Protein chains: 2
Amino acid sequence: MSGTKINPDLQKERNTATFNPDEFTVWWNGGPKKYEQIKALEQNFLNDPELKDDLPISYMSHKEHYEHSVRKAVRIAEKIREIRNNGEDNVETYNALLGGSLGTALLKEGNPMSLHFVMFVPTIMGQGTVDQQVEWLPKAWDCSIIGTYAQTELGHGTFLRGLETRADYDVKTQEFVLNSPTLTSYKWWPGGLGHTANYAVVVAQLYTKGEFRGLAPFIVQVRDEETHMPMPGIDIGEIGSKLSMKSVNQGYLGFKNVRVPLNNMLMKNQQVLPDGTYVPPKTSVLTYGTMMFVRVALIRDAAMALAKASTIACRYSAVRRQSPIDPNEPEPQIMEHTTQQLKVFPIIAKAIVFKANGENIWNMYNNISDEIEKGALERLPEMHALSCCLKAICSSDSAAGIEVCRLSCGGHGFMDCSNFPTLYGMATAVCTYEGENTVMLLQTARYLVKVYGQALQGVKLVPTVAYINDAINNKEFHSFDGSLESIVKAFQFVAANKVRIAYERMEQRRKQGHGPEVSANLCGIELTQAADLHGRAFLASSALFELRNLSSQVSQALGDVLKVVLELYLVDACLNRLGDFLRFINLTDNDVSQLELRLQSCLKRLRPNAVAMVDAFGIHDRILDSALGVFDGNVYEKMFEEAKKSPLNKEPVNQSFHKYLKPFMRANL
Amino acid sequence: MSGTKINPDLQKERNTATFNPDEFTVWWNGGPKKYEQIKALEQNFLNDPELKDDLPISYMSHKEHYEHSVRKAVRIAEKIREIRNNGEDNVETYNALLGGSLGTALLKEGNPMSLHFVMFVPTIMGQGTVDQQVEWLPKAWDCSIIGTYAQTELGHGTFLRGLETRADYDVKTQEFVLNSPTLTSYKWWPGGLGHTANYAVVVAQLYTKGEFRGLAPFIVQVRDEETHMPMPGIDIGEIGSKLSMKSVNQGYLGFKNVRVPLNNMLMKNQQVLPDGTYVPPKTSVLTYGTMMFVRVALIRDAAMALAKASTIACRYSAVRRQSPIDPNEPEPQIMEHTTQQLKVFPIIAKAIVFKANGENIWNMYNNISDEIEKGALERLPEMHALSCCLKAICSSDSAAGIEVCRLSCGGHGFMDCSNFPTLYGMATAVCTYEGENTVMLLQTARYLVKVYGQALQGVKLVPTVAYINDAINNKEFHSFDGSLESIVKAFQFVAANKVRIAYERMEQRRKQGHGPEVSANLCGIELTQAADLHGRAFLASSALFELRNLSSQVSQALGDVLKVVLELYLVDACLNRLGDFLRFINLTDNDVSQLELRLQSCLKRLRPNAVAMVDAFGIHDRILDSALGVFDGNVYEKMFEEAKKSPLNKEPVNQSFHKYLKPFMRANL
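Every residue gets a number counted from 1 within its own chain, in the order that chain's sequence is written. The naming scheme follows written order: chains are lettered A onward, ligands numbered 1 onward. In keeping with the predicted nature of the model, local features appear solely for residues at pLDDT of at least 70, side-chain atom pairs appear and are counted solely at 80 or more, and the whole-chain, interface and lining totals rest on all residues. The basis for every side-chain value is the complete set of heavy atoms in the structure, and neither hydrogens nor water enter the calculation.

Looking up chain A in an unreviewed UniProt entry gives the name Acyl-coenzyme A oxidase, with the organism given as Stomoxys calcitrans. UniProt positions are given in the numbering used here, feature names are shortened, and annotations may be inferred rather than shown by experiment. Listed under Pathway (unreviewed entry) in UniProt, the entry text for chain A is "Lipid metabolism; peroxisomal fatty acid beta-oxidation." UniProt, in the comment section headed Cofactor (unreviewed entry), describes chain A in these words: "FAD".

Structure, rendered in structure tokens:
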């Protein structure tokens, strides 16, 4: 990367690796063509002097940070406009710049204009009629208006039917009148809504002819195009500072008799006629599609978050020396400590498995979407169930994995310049948005319990839950021989039994006289656990299939390392759910000991290639953005350089000494 | 508290509680006398207008935040000086204001002058001769100098012998010459060192007569008393922004031939004579004492952190309504969801158990300290081992518990005004400082493996590890009947078996030809797990004893609730380590099912008293500092009020619109 001298401990790791990282980098980036595109995009954006920072954002005030972010967001959007005008834009451009790694490298706490591209425009495309698209899309694509998407309210999130914002159709003027009847009905959380956007798609409860019709989306102008002042009846601002996404400018929005023309309701799926007649939507399947798309994308983001965290921790573990193992030897690289390996290496494996799995799910999603387009909805519930639990598992594991990596770096991981605090903040947010994780698991569980009942009646289940048929047919699991196949089979057997328990407890509750919904609530713990195991069993089987497949397509040297990665992932996953395994499968103490020793063996075997493996993620220093994870390993020099950037270090004595400290210290002299 | 109307959902909870929270509050605060002191201190400090803030710190720049913190730190120190001058100060005053809840209410990201009171002054008291105390203490107590404690270096933390800063005695001038020979030898992390303190106790490698003598502490002036400019040869500044402790002003410090007089070495334990003769210390026991003291204090802090987090989550869960359980009913309080109860209620129980345990350990510590003073060192290793693993467990559980509570509040938990981000930042830091958690567990494990070997040879072990004798005598565990006693016994049996495995694997490694240290490293996973189970077994047995004891001393109404708390804690702890239980104890599937149903029963039984229980922690709204956790439950109003404080909301249009957005939006028009 740069011409600086590489830290010798890190160089030694690279010299002794047994495979060539570049081969993996290309796969990780989606093949040679995509990799080239991504590199070109990185080149274009990372080298733009207007997109480089002198002052780290952690030193800015909230207001300075917002202004800095708008400046950069506009610069990014200008460049997107340019790429677009040259006809060179594609879905990767938007993915990389708005949700992806490159985007977070440019604006690490989020982009106040993201929702314009990822929600406002797509919503008009998906829910607007052709006429409405013709009216709004040119302005939106060209950014002569900036929009956002306003759905969640201060008092209402996950449960959409609970939204309170209302739109009453006034047949006399052929307008909708929007109102926020309560404080809890204020829109709350939409990105860019605070001070950036001048338009919003607003989701409201529709009333026509005095009758309630359900939710509908409306395009509402919230600020004047010339002055940016809030429009009449609009109460708007930002919701305040947060754990992360600090520059997303999330806003609140209240309506007081705000009138929008009839044609501002997006009418592709449902219509209001000029006389107030309401024409309901034919199907709600399409919105499932969008939600699934987003969740599948989040699985891929989780892989990238873990790749970043493990890259930082792994390189730092090669450079940092501490605590002698042998008292007669100097302090070793901390990566020599088995406990350190146990923290970092499984995260490397998880990043790779999540990535492979993300590709797998992505392909499934595309196949099923094609089927849906053709009207075949059979696999929709299965795919929905799978995407829900995987979203929950991958987001929570990625947040937890980042923290394990951060803590593995000791005190230095705590510094903003390590980038761990931001990585964690951005990753843990995913546990809540786009479907809160517990709600996601309950959605999956509802499906699992339903198909379990079908399986009991002899129905042959679809592929991702077919293991339930097997478990019903073979109530004991005798085939645990320690092979990776048997670990995957055991995971499925355990998952099937967790589903069985959830099913049986639900039945018991119903026999006690509870309705299905109350029973489901009483069995909430069993249900979420079943969904968790279902997702983990899928990840295990997907890991086995995808990584074996990949191993067979690459050089033997890389393939051998990937086999260790796969084994490490599966053995670690199994030991992390040992209670469930021991409950349903008759493992001996010796079986458990063997698994434990095998975990240690995997760590030992990955050790020589650990640094090369994270190098193989190919993450640019600017994207990694971590003093502890720099490619050249000059960690301490970099930390010192970062410390020097603090505005407090720009002057030898801070004014607070003269103002407060000295008078106090001298008071009694 | 205030005269505002209480949220009716929250009021209903209070009306239907079966016990009086005040009774518990007094116990929680250490009895009537201490409670009164704490309330008086709160009154004095929270009502001081100079200690109230208009602008939340999350909106300030790093520099503004530092200046704000120095202003408040000085005001707090002025008030401490006043209390001291009135002869009214005691250990509680300093605890509350510098480490405790009140201190973090006043300066939530830490106090840049804390280390002066909690490390600089005590080190002079503990390690200075009487003459040195006479020289330095009056100035330090009176704050005419402000000190800090500089030990950790950029490249060296836990392993003290690895420190590189050196102090060479120059017999000609009778001075020590301090130097930082490398970048990694720079002092890094001491609080207040950046721009606040003008003195520091510096730990350095001592050389006299050209010979290495080990570590020694030196008082070094780092800044001029008049001008606050760095002294000659001193390179000083702050280390930069961090995940939390953002106003502690942690600094770096490099030395270039900095000379201090002979008498600036603190010489109570070891001496350098004017001619350079070195007199080594007699014993290193005393420093163990200080470390234990700090770790025991951290256990109590962990209890308080969980009390705060569960108070916020529990009150919010009573106020927030979402997601119908029965589709024909309105959205319920989210506390009705079993999955929500599972998140929040075990944290309430854990807070109480940690608190009770903290008191228990505190008493043990005091008894053992008395014994040590009398020269009886027998119980020192036991107490050291226990304090190490409990520090690790309580700090990691408290950080994890805060995150569970935060996530249980959905998106709103993500906002700074919830106070969760700061609570987490401050709590997770404890996992690393004062002994990194993995290192702590390994210290405990070293002791456990040693006593296991003794027990095998028939030695009767000291009380906290006596369960190892039992397990060696009875290799099978047959007495699991589901009683709380049997859960505790089972925990001990499991812990003993984890210690056995660690011991046996160590033996195997040694038979393979590895030395004891390399064997310990190869068995790092087994060792840390054994230490974890040892600590959890102690917590379980301590919980049983302390809470039963407490239950018997309070009103029946409160006692009944505490019994549920105890049962919830033990059943939850057991299910969280189910893999270990099933491995060593022959529990049937029915036993496990019974434990699961019992967990649900505990949640259900705590439900009516959950809000009263967190009210009983008695945490002042200013100390809780959370819009979601306000005593009156007016959560949404409070959130809106907090949003209005954002400087961005003080003007309708931010300048960035005119500067960046408008030119961009208009470019193509």
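Can you walk me through the overall build of chain A in this structure?
Going along the chain from the N terminus, every DSSP run of H or I of four or more residues is numbered as a helix, and every run of E of two or more is numbered as a strand. Summing up its helical and strand segments, chain A has 24 helices and 11 strands in all. Each radius of gyration is computed over the set of C-alpha atoms, and the globule rule expresses the reference value as 2.2 Å times the number of residues to the power 0.38. Against the compact-globule benchmark of 26 Å for 669 residues, chain A has a radius of gyration of 27 Å, which places it among compact chains. Seen along its three principal axes, the alpha-carbon backbone of chain A occupies a region of about 90 × 80 × 65 Å. Sorting the 669 residues of chain A into buried and exposed places 62% on the buried side. In this scheme, a residue with accessible area under 20% of its type's maximum is buried, one over 50% is exposed, and one in between is partly exposed, where area comes from a 1.4 Å probe on protein chains only.

Would you mind going over the interface of chain B and chain A with me for this structure?
Often, the extent of an interface is quoted as the loss of accessible area on bringing the components together. Residue contacts are counted whenever heavy atoms from the two residues lie within 4.5 Å of one another. On the side of chain A, 140 residues touch chain B, which itself brings 140 residues to the contact. Once two parts are put together, the accessible area they lose, assessed with a 1.4 Å probe and summed over both, is termed the buried area. Between chain B and chain A, roughly 12,000 Å² of surface is buried when both sides are summed, and carbon and sulfur atoms account for 60% of that area. When a carboxyl oxygen of Asp or Glu is within 4 Å of a side-chain nitrogen of Lys or Arg, the pair counts as a salt bridge. At the junction of chain B with chain A, the criterion picks out 16 salt bridges. By the criterion applied in these results, polar contacts are pairs of N or O atoms within 3.5 Å in which, for protein atoms, one can donate a hydrogen and the other can accept it, and in which residues neighboring in sequence qualify only through two side-chain atoms. Put simply, chain B and chain A have 72 residue pairs in polar contact (both at pLDDT 80 or more) between them. By residue number, the principal contributor to the side of chain B that touches chain A is helix α4 (residues 62–85) of chain B, which donates 11 residues. A class-by-class count of the residues in the side of chain B that touches chain A yields 58 nonpolar, 46 polar and 36 charged. All amino acids are sorted into three groups, where Ala, Val, Leu, Ile, Met, Phe, Trp, Tyr, Cys and Pro are nonpolar, Asp, Glu, Lys and Arg are charged, and the leftover types, Gly among them, are polar.

What's the story with the relation of the copies chain B and chain A in this structure? I'm lost.
One copy of the chain maps onto the second through a rotation around an axis plus a translation along that axis. Copies overlap after least-squares fitting; the atoms used are the C-alpha atoms of residues with pLDDT of at least 70 in both. Relative to chain A, chain B is turned by 180 degrees and slid 0.0 Å along the rotation axis, the superposed coordinates differing by an RMSD of 0.0 Å. Taken together, the turn and the small shift mark the pair as related by a two-fold rotation axis.

Would you mind showing me how to read the UniProt feature "active site" (unreviewed entry) in chain A here?
All names here are of chain A. As recorded in UniProt, the feature "active site" (unreviewed entry) lies at E434. A residue is classified by how much of its surface remains accessible, and E434, at 34% relative accessible area, is partly exposed. Contacts of E434, omitting those with residues within four sequence positions, involve V294, R295, L298, K391 and M440.

What is the right way to read the side chain of K108(A) from this model?
Residue and element names in this part refer to chain A. Mapped onto the secondary structure, K108 falls in the loop between α6 (101–106) and α7 (114–127). Here the side chain of K108 touches N419 through a polar contact of 3.0 Å, side chain to side chain. Dropping the residues within four chain positions of it, K108 is found in contact with I57, D416, N419, T422, M426 and D625.

What is the right way to look at the UniProt feature "binding site: FAD" (unreviewed entry) in chain A in this model?
Residues and elements named next belong to chain A. UniProt records the feature "binding site: FAD" (unreviewed entry) at T152 and G191, using the numbering of this structure. Spanning 40 residues, the named residues form one tight spatial group whose C-alpha atoms are at most 11.0 Å apart. As for its placement among the helices and strands, T152 is situated in the loop between β1 (147–150) and β2 (166–170). Those residues in contact with G191 that sit more than four places away from it in its chain are P112, L115, T148, V248, N249 and Q250.

Sorry if this is basic, but what is going on with the packing of helix α10 (residues 338–373) of chain B against helix α18 (residues 556–576) of chain B here?
The packing of two helices is summarised by the inter-axis angle and the distance between the axes. Residues and elements named next belong to chain B. For helices, the fitted axis covers only the stretch in contact; all axes are lines through C-alpha atoms, and the angles between them, taken along N-to-C directions, range from 0 to 180 degrees. At a minimum axis distance of 9 Å, the contact between α10 and α18 shows a crossing angle of 105 degrees. Considering the angle they form, α10 stands roughly perpendicular to α18. Contacts from F345, P346, A349, K350, I352 and V353 of α10 reach α18 at V565, L568, Y569 and D572. The scheme is simple: roughly parallel for angles under 35 degrees, roughly antiparallel for over 145, roughly perpendicular for 65 to 115, oblique for anything else.

Looking at this structure, how should I read the environment of A73(A)?
The topology assignment puts A73(A) in helix α4 (residues 62–85). As a C-alpha pair, A73(A) and N609(A) span 536 residues in sequence and 39 Å in three-dimensional space.

Which parts of the structure should I look at to understand helix α7 (residues 114–127) of chain B?
Quick reminder: α-helices carry 3.6 residues per turn. Residues three or four places apart thus point the same way. Residue and element names in this part refer to chain B. Under the 1.5 Å per step criterion, the end-to-end length of α7 is 19 Å for 14 residues, consistent within 8% with the ideal 20 Å. Considered for burial, the residues of α7 that qualify are S114, H116, F117, F120, V121, T123 and I124. Where the residues of α7 are buried, they touch α4, α5 (91–99), α8 (130–141), β1 (147–150), β5 (199–208) and β6 (211–221). To estimate how far a helix should extend, the number of its residues minus one is multiplied by 1.5 Å.

Before we go on, may I ask you to explain the pattern of salt bridges in this structure?
Using the criterion set out here, one finds 87 salt bridges over all chains in the structure. The shortest N-O distance in the salt bridge between K343(A) and E436(B) comes to 3.6 Å. Note that K343(A) is positioned in helix α10 (residues 338–373) and E436(B) in the loop between α12 (420–429) and α13 (437–456), a pairing that runs across two chains. Relative accessible area serves as the criterion here: at 17%, K343(A) is assigned to the buried category. The structure contains a network of salt bridges with shared partners spanning D48(A), E50(A), R75(A), E78(A) and K79(A).

Looking at this model, I keep getting lost on the confidence of the model for chain A. Mind explaining?
Parts of the prediction with low pLDDT should not have their coordinates interpreted in detail. Averaged over every residue, the pLDDT of chain A is 95; residues scoring 70 or more account for 98%. Across the interface, the model reports ipTM at 0.97; the global pTM reads 0.98. pLDDT expresses, on a scale from 0 to 100, how confident the predictor is about each individual residue.

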